[in-house]
Amino acid sequence: MADINIATLLLLGLFIFLMIIRLPITFSLIFSSIVTALYLKIPLMAVVQQMVQGVRSFSLLAIPFFIIAGEMMGQGGISRRLILFSNLLVGRIRGGLAQVNCLASMFFGGISGSAVADVSSIGTILIPMMKEKGYDDDFSVGITVTSACQGVIIPPSHNMIIYSLAAGGVSVGRLFLGGFIPGVLLGIGLMVVSYVFAIKRNYPKEKKYTLKESLQITKDAVLGLMTAVIIIGGVISGVFTATESAAVAVVYAFIITFFVYREIPLKAFPQILYNSLKTLAMVMSLIAAASAFGWLMAYLRIPAKATEALLSITHNKILLLLLINILLLLLGMIMDMAPLILITTPILYPVVVNSLGMSPVHFGIMLILNLAIGLTTPPVGSALFVGCAVGKIRIEQVVKTMLPMWLVMFTVLMLITFIPELTLWIPDLLMPQK
């Protein structure tokens, strides 16, 4: 008879080993699941069935729509228009382009839902502009990378849909609404840091626009921002589900991109679909692999054992939450966001929701903000890598400058963790639980 402890060690140990030797996460999850299933004498068809079951959820259909809409708006000129709109609003503040960077990321995050997409789209425009205006390379890259994390918190975010799936069906609408205040808090905190840097390093203000220019800039930006309004408004009003609102947003983005902005020709659409398909293939294969891995974790009672282990350390809610935050921050430094959501949610959800009484929405936002910070930290921070590549600077040169920015992110994380109302006030107001 198979030993449960050996099977647990095999599942987790093999997964960690394969990660260390740099096998892609999806294959690490699949191989460790298959080997463990063979040891437990579980038919491999059962593992395959769990993988298929993992991607058969109707709510997951929203993910490809979000990806396509974000890809269209990103290539169709929305990022440049949002930068101009942000410049109109905050460019006259000292260190105007840094303030623009934070605000544009806040707006663009509401469309793309991706930190890496934010860095790629906003960063390729703003980082060279900031350098040209006399901003230091390390600061230009650092503020771009950290402000991009608003993209995974401010709705819509496909990571929230992944969390909803992993948590067993948490309301996507409430998750979307729960991300507003944390995302805005993070943006304001980074704008304050930018202002301090601007005063210290004497960064310039931006030019003032005429009334005619201001009206045109606002008109162009509002058309793009309506993509996010359609998604969020449709969900919270009950007119659309998250999936239906994402589909409507794709149609709207298609019209705005190709028939209003017209910065790219219609023949570019197949390439947009191809880019979206590549991203979608990675996301869905990861979800399928993590579903089999998570099923085996449940079979081996790993979540229950993790709950017992954490509660054996302390029953103090504050200490437990601090411990969980530290664990997530450390994991975020070595793994990407989507797999961590799928792996850690089944383990930590029983602890924080069942044992500590935390709202599933509150935990979801706390989890995603934790892992968003991981996107900006070495050694595996994907947003950091992209930002350094765009800015043509080594990671070591940026890290010291990013310390105050990380401090702001950690402060916002602690506020979100210990003041539930910051997350739950808007969901409870607009989508109260019945």
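The written sequence of each chain sets the order in which its residues are numbered from 1. A pLDDT threshold of at least 70 governs which residues receive local features in this predicted model, and a stricter bar of 80 or more applies before side-chain atom pairs are shown or counted, although totals over entire chains, interfaces and linings include all residues. Note: side-chain values were computed over all heavy atoms of the structure, leaving out hydrogens and water.

(A) Representation of the overall build of the protein within the structure. Secondary structure counts use DSSP, requiring at least four H or I residues in a row for a helix and at least two E residues in a row for a strand, with both numbered from the N terminus. Counting its secondary structure elements, the protein contains 21 helices and zero strands. Expressed as a percentage of the 434 residues in the protein, the buried residues total 56%. Put simply, of all contacts in the protein between residues at least 6 apart along the chain, 78% involve residues at least 24 apart. Working definition of accessibility: Shrake-Rupley area with a 1.4 Å probe, residue cover restricted to the visible protein chains. Per element, the accessible surface of the protein, about 18400 Å² overall, is 69% carbon and sulfur. We call a residue buried when its accessible area falls under 20% of the maximum for its residue type, exposed when it is over 50%, and partly exposed in between, using a 1.4 Å probe and counting protein chains only. In what follows, residue pairs with any heavy atoms lying within 4.5 Å of each other are defined as contacts.

(B) Region of the structure containing the environment of Gly 76. Topologically, Gly 76 is positioned in the loop between helix H4 (62-75) and helix H5 (78-90). Residues Gly 76 and Glu 263 lie 187 residues apart in sequence; the distance between their C-alpha atoms is 5.7 Å. Those residues within four positions of Gly 76 in sequence are excluded, and the remaining contacts are Arg 81, Thr 257, Tyr 261, Glu 263 and Ile 264.

(C) Local environment of the packing of helix H17 (residues 337-355) against helix H18 (residues 360-374). Where H17 contacts H18, the two axes come as close as 10 Å, and the packing angle between them is 140 degrees. When the axes of H17 and H18 are compared, the pair comes out oblique. Read as a crossing pair, H17 and H18 show a hand that is right-handed. Together, Met 337, Leu 340, Ile 341, Thr 344, Thr 345, Leu 348, Tyr 349, Val 352 and Val 353 of H17 and Pro 360, Phe 363, Leu 367, Ile 368, Leu 371 and Ala 372 of H18 make up the contact between the two elements. Following the grouping adopted for this structure description, the nonpolar residues are Ala, Val, Leu, Ile, Met, Phe, Trp, Tyr, Cys and Pro, the charged ones are Asp, Glu, Lys and Arg, and the polar ones are all others, Gly among them. Of the residues belonging to the contact of H17 with H18, the class tally is 13 nonpolar, two polar and no charged. Only C-alpha atoms enter the line fits that serve as axes; for helices the fit covers just the stretch in contact. Angles between N-to-C directions range over 0 to 180 degrees. The labels follow the angle: roughly parallel below 35 degrees, roughly antiparallel above 145, roughly perpendicular from 65 to 115, and oblique for the rest. Here a crossing is called left-handed whenever its near helix is offset anticlockwise from the far helix by less than a right angle, and right-handed whenever the offset is clockwise.

(D) Expanded view of the pattern of salt bridges. Whenever a carboxyl oxygen of Asp or Glu lies within 4 Å of a side-chain nitrogen of Lys or Arg, that contact is scored as a salt bridge. In the structure shown here, the tally under the stated rule is seven salt bridges. For Glu 206, the salt bridge identified is with Lys 133, shortest N-O distance 2.8 Å. With Glu 206 in the loop between helix H11 (180-201) and helix H12 (211-237) and Lys 133 in the loop between helix H7 (115-132) and helix H8 (137-147), this pair connects stretches of sequence that are 73 residues apart. Lys 133 sits in the partly exposed class, given a relative accessible area of 41%. Glu 396 is paired through a salt bridge with Arg 394; the nearest N and O atoms lie 3.1 Å apart. Take Glu 396 and Arg 394: they sit in the same class, and that class is exposed. Taken together, the salt bridges that share partners define one network made up of Arg 80, Arg 81 and Glu 263.

(E) Main features of the packing of aromatic side chains. Ring pairs shown here join Phe, Tyr and Trp side chains whose ring centres sit within 6.5 Å, with only the six-membered ring taken for Trp; geometry is labelled stacked below 30 degrees between planes, edge-to-face above 60, and tilted in between. Using the criterion set out here, one finds 14 aromatic pairs in the structure. Their ring planes at 65 degrees and their centres at 6.1 Å tell us that Tyr 163 and Phe 363 sit as a pair that is edge-to-face. Of this pair, Tyr 163 sits in helix H9 (residues 158-166) while Phe 363 sits in helix H18, placing them 200 residues apart in sequence. Each member of the pair, Tyr 163 together with Phe 363, is buried. An aromatic cluster is defined as three or more aromatic residues linked by ring pairs; in this entry it consists of Tyr 135, Phe 139, Phe 197 and Tyr 203. We count a charge as sitting over a ring when the NZ of a lysine or the CZ of an arginine lies within 6 Å of the ring centre and within 35 degrees of the ring normal. For the cation-ring pair, Arg 81 lies above Tyr 261, with the distance from its terminal atom to the ring centre recorded as 3.7 Å.

(F) View of helix H21 (residues 421-430). Where H21 is concerned, the buried positions are Thr 423, Leu 424, Ile 426 and Pro 427. Relative to the axis of H21, the buried residues are bounded by an arc of 160 degrees and lie together on one face. Away from the buried face of H21 by more than 90 degrees, exposed residues Glu 421, Trp 425 and Leu 429 are located. Those residues of H21 that are buried lie in contact with helix H10 (172-178), H11, H18 and helix H20 (395-418). In this description, the arc belongs to the directions extending from the helix axis to the C-beta atoms.

(G) Main features of the side chain of Ser 359. Along the chain, Ser 359 turns up in the loop between H17 and H18. Overall, Ser 359 belongs to the buried group, its relative accessible area being 18%. Reaching out from Ser 359, the side chain makes a polar contact with the backbone nitrogen of Val 361 at a distance of 3.2 Å. Whenever two N or O atoms come within 3.5 Å, that pair is a polar contact, provided that in protein one can donate a hydrogen and the other can accept it, and provided that, for residues adjacent in sequence, both atoms are side-chain atoms.

(H) Structural detail: unusual backbone geometry. Positive phi outside glycine occurs at Lys 41, with the angle close to 60 degrees. The residue Lys 41 is located in the loop between helix H2 (25-39) and helix H3 (44-54) in this model. If you check the backbone angles, Lys 392 has positive phi at about 55 degrees while not being a glycine. Among the structural elements, Lys 392 can be located in the loop between helix H19 (382-391) and H20.

(I) Quick peek at the state of the cysteines. Pairs of cysteine sulfur atoms within 2.5 Å are identified as disulfides in what follows. By the definition in use, this model includes zero disulfides. Distance from the sulfur of Cys 102, which forms no disulfide, to the nearest cysteine sulfur (Cys 149) is 11 Å. The class for Cys 149 is buried, based on a relative accessible area of 0%.

(J) Seen up close, H4. An ideal rise of 1.5 Å per residue puts 20 Å on 14 residues; H4 measures up with 20 Å between its terminal C-alpha atoms. Burial runs high along H4: 11 of the 14 residues are buried. All buried positions along H4 are accounted for by Ala 62, Ile 63, Pro 64, Phe 66, Ile 67, Ile 68, Ala 69, Gly 70, Met 72, Met 73 and Gly 74. Two residues or fewer after H4 comes Gly 77, characterised by a positive phi angle close to 100 degrees. The span one expects for a helix is its residue count, reduced by one, times 1.5 Å.

(K) Representation of the nonpolar core in the model. Residues belong to one nonpolar core when they are buried, are Ala, Val, Leu, Ile, Met, Phe, Trp, Tyr or Cys, and are joined through side-chain atoms within 4.5 Å. Counting 152 residues, the largest nonpolar core has Leu 29, Ile 63, Phe 139, Tyr 163 and Phe 363 as its most contacted members. Residues within four places of Leu 29 in sequence aside, it is in contact with Phe 15, Leu 286, Ala 289, Ala 290, Phe 293 and Ile 343.

(L) Representation of a nonpolar patch on the surface. Taken together, the side chains of Val 251, Ile 255, Phe 259, Val 260 and Leu 266 define a hydrophobic patch exposed on the protein surface, amounting to about 450 Å² of accessible area. The residue Phe 259 is located in helix H13 (residues 242-261) in this model. Each patch is built from residues that are more than 30% exposed by relative accessible area and take part in no salt bridge. Like charges join if they lie within 9 Å; nonpolar side chains (Val, Leu, Ile, Met, Phe, Trp, Tyr) join within 5 Å.

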